[in-house]
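Here is how the chains run, residue by residue.
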Amino acid sequence: AAETTNLGELIVRANDTYKIPSGTSNIYVDSLKMEDGSSITIPDDIVLFRLVAKESSFGKSTKIYAKAIDGSVGTNGKDGIGINLDLGVAAINGLTVSSSGGNGGAGIPGTTGRNGADASCSSNTHGRDGYNGGNGSNGGIGGNGGIISVTIKQTSSMNLYFEAHGGKGGAGGAGGEGGAGGRGKDNCGVWPYWSKGGGSK
């Protein structure tokens, strides 16, 4: 079940960051005050975050933000966390609400190519070329940005900004290395000996 926290007053001091505890989806406060340059970070292990305040004030360059979990090897980033703010009677000098999707994971490198066959005196063959390395796999897709909604009863100032960026796609995996060429063979036959050359990588 989503955890709910009730606080009388939440003050985030200038340039400080307040981390919402892991797993907390709902916070109710009588009064929320964010001083200049302060931040609130939302945990990445929830789907939707809701904050309800009876009254609130925000200084310049304040931020409430969430960043979804990145994909691991070749997997997609998670979609952004929904943010639902009910700020009551609010004074907003400069607040950015941000919810970005997770980045996709990098693709898996390709496999190394098989080695070429060695030269043979008896069948009179040169060393064979190595085989091509495998293709790298696709990187994961970045997650969508989160859905943000803000409700305000009344406001004296309203400098409010939204960011809902999708995550970056993961880089494709590197191609595999080519296989080694087959080895050459020296001293074939009887004198005068001859040689068979090796293959290329």
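Structure's up top.
Residues numbered from 1 in each chain as written. Predicted model: local features only at pLDDT ≥ 70, side-chain atom pairs only at ≥ 80, totals over all residues. Heavy atoms only, no water.

Describe the overall build of the chain, listing the residues and the values that go with them.
Within the chain, the secondary structure is distributed over zero helices and 12 strands. Overall, the chain shows an N-to-C arrangement of helices and strands of β-β-β-β-β-β-β-β-β-β-β-β. For the chain, whose C-alpha radius of gyration is 30 Å, the value lies well above the compact-globule estimate of 17 Å for 201 residues. Taken over the C-alpha atoms alone, the chain extends approximately 100 × 35 × 25 Å along its principal axes. Within the chain, the fraction of its 201 residues that count as buried is 37%. Of the contacts made within the chain by residues no fewer than 6 positions apart, 67% connect residues no fewer than 24 positions apart. For the chain, the accessible surface area stands at approximately 11,200 Å², while carbon and sulfur atoms represent 48% of it. (Helix = DSSP H or I, 4+ residues; strand = E, 2+ residues; numbered from the N terminus. Rg over C-alpha atoms; globule rule 2.2 N^0.38 Å. Buried < 20%, exposed > 50% of the residue type's maximum accessible area, 1.4 Å probe, protein only. Contact = heavy atoms within 4.5 Å. Areas by Shrake-Rupley, 256 points an atom, 1.4 Å probe, with all protein chains shown as cover.)

Summarise the pattern of salt bridges; cite the residues concerned and give the values.
Inspection of the entire model under this criterion finds six salt bridges. In this structure, Lys54 engages Asp30 in a salt bridge whose closest nitrogen and oxygen atoms are separated by 3.2 Å. Note that Lys54 is positioned in strand 5 (residues 48-58) and Asp30 in strand 3 (residues 24-34), a separation of 24 residues in sequence. On the basis of relative accessible area, Lys54 is assigned to the exposed category, the value being 59%. Its relative accessible area of 37% is what places Asp30 among the partly exposed residues. The salt bridge involving Lys67 is made with Asp70; its shortest N-O contact spans 2.5 Å. Classification of Lys67 as partly exposed rests on a relative accessible area of 35%. (Salt bridge = Lys/Arg side-chain N within 4 Å of Asp/Glu carboxyl O.)

I'd like to hear about the environment of Gly167, residue by residue, with values.
Within the fold, Gly167 resides in the loop between strand 10 (154-163) and strand 11 (185-188). Between the C-alpha atom of Gly167 and that of Gly77, which follows or precedes it by 90 residues, the distance is 6.8 Å. Every residue in contact with Gly167, bar those within four places of it in the chain, is listed here: Gly101, Gly102, Asn103, Gly142 and Gly143.

Explain the environment of Asn124 to me, using residue names and the numbers behind them.
Mapped onto the elements, Asn124 comes out in the loop between strand 8 (89-100) and strand 9 (148-151). Take Asn124: its relative accessible area is 48%, and that puts it in the partly exposed class. C-alpha of Asn124 to C-alpha of Lys185: the two residues are 61 residues apart in sequence and 10.0 Å apart in space. Apart from the residues within four sequence positions on either side, Asn124 is in contact with Trp194 and Lys196.

Pulling in residues and values, what's your account of the side chain of Ser56?
With respect to the helices, strands and loops of the structure, Ser56 is situated in strand 5. Within the structure, Ser56 has its side chain in polar contact with the backbone oxygen of Leu87 (distance 2.8 Å). Discounting residues that sit within four places of it in the chain, Ser56 has contacts with Leu32, Leu87, Val89, Ala90 and Ala91. (Polar contact = N/O pair within 3.5 Å; in protein donor to acceptor, adjacent residues only side chain to side chain.)

Function-wise, these values are silent; they only describe arrangement.
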